[in-house]
Amino acid sequence: MSNVPPPPTNLRGAVDLSSLVNRPAPAAGAAGGASGAPAGQPTGDLTLPSLYFEGTDANFNDFIDLSMRVPIVVGLGTDRSEQWQQFAPVLDRAVGSFQGRLVGVKIDVDANPQLTQAFQAQAVPTVAALVAGRPVQLFAGVVPEDQLRDVFEQLLQLAAQNGVTETVTVEGGADGADAQAAAAEPAPEPPLPPLHQEAYDAIDRGDYEGAIRAYRTAIAQDPRDTMAAAGLAQVSLLARLSGHSADELRTAAAEAPRDAEAQLGVADLDISGGHVEDAFDRLLTLFPSLDAAGKEEVRARILEYFEIVGVDDPRVGKARARLASLLY
């Protein structure tokens, strides 16, 4: 997360996307109108009812206008995703920690397909930004809160370069801001089962093999432990990628397009970066050319990916159907 990527050249195709690029600065009072978005802001002090808003296909142009004055952090997710449900409060806390220098906008990808397309969200969560009316791609997936703040520091530097430096005052003053911060705090989580905690502790130490053993023991004790199955798939991915660079994996795959191990390596990389459909397509396209052992290895890896992405994800449903057609 050392660099904030540059904004894409355009995102035309939905929600008046021509308005997302080359947009002139709004006149006083121009940033508003749609329900649920901040409206009619003066050019002096920037006072809003909240630091956190819901963005929709209908109201998003208001946030584009607002981004002329304060950077907007855009989080795209869905309540169907456990990762998003856990990450959304972290995102809110990170936005709130900048004390009005950032505004957070959440978008439900299921209810707002145009914005999902506009931000090219291929994974949940996806986090982007708006600065001076222009979109900035940040990252896909989940990152630790301290890294999140580093990304936002870089975002603020980019905003300053574009003259977007205002600070929001929440209506109700300090009391209102404190209430916002309290609302962003997650409810205390129940303690993890012992073997799950053992796995988490091992991951924190970088001991992926220890985490794998803990999850396997949990599954052996309760084969219906879906959390352990998902955890095992995720930590196995981390273990496989450990010690390998992206360039190394992509070069190996390019040099051996029919080698299962090389293609599995770059598919792991794609999954870790949120490029879910690329990973599925790579392995499912390779599948018919493999021998029986290679097919079984690829099939098992794809099933692991289903656990990582989430069995209810529509991309998993499509890949599952395609895999079934190849098997039968």
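In this text the structure is predicted, and so the values were computed from the model without any measurement.

**Q** Looking at this structure, I do not really get the environment of A253. What am I missing?
**A** Within the fold, A253 resides in helix α9 (residues 246-255). Relative accessible area serves as the criterion here: at 6%, A253 is assigned to the buried category. Taking the C-alpha atoms as reference, A253 lies 7.6 Å from G265; in sequence the two are 12 residues apart. Not counting residues within four places of it along the chain, the set of residues in contact with A253 comprises A262, Q263, V266 and R282.

**Q** Sorry, what's going on with the sheet that holds strand β2 (residues 52-55) here?
**A** Where strands meet in a sheet, backbone hydrogen bonds hold them as pairs that are either parallel or antiparallel. Taken together, the five strands give an open sheet; going across it, the order is β2-β4-β3-β5-β6, and neighbouring strands pair in mixed fashion. Single-partner strands in this sheet number two, and they are β2 and β6 (134-140). Each adjacent strand pair in this sheet contributes to an overall mean axis angle of 25°, direction not counted. Here five bridges tie strand β3 (residues 72-77) to strand β5 (residues 126-131), and the two strands are oriented antiparallel to one another. Opposite V73, over in β5, you have A129 as the bridge partner. Set on the sheet, helix α2 (residues 82-96) makes contact with β2, β3, β4 (103-108), β5 and β6; between it and β3 the angle comes to about 175°. Packed on one face of the sheet, helix α4 (residues 145-161) meets β3, β5 and β6 and runs near 165° to β6.

Parameters and conventions
Residues numbered from 1 in each chain as written. Predicted model: local features only at pLDDT ≥ 70, side-chain atom pairs only at ≥ 80, totals over all residues. Heavy atoms only, no water. Helix = DSSP H or I, 4+ residues; strand = E, 2+ residues; numbered from the N terminus. Buried < 20%, exposed > 50% of the residue type's maximum accessible area, 1.4 Å probe, protein only. Contact = heavy atoms within 4.5 Å. Pairing = 2+ DSSP bridges. Axes fitted to C-alpha atoms, helices over the stretch in contact; angles between N-to-C directions.

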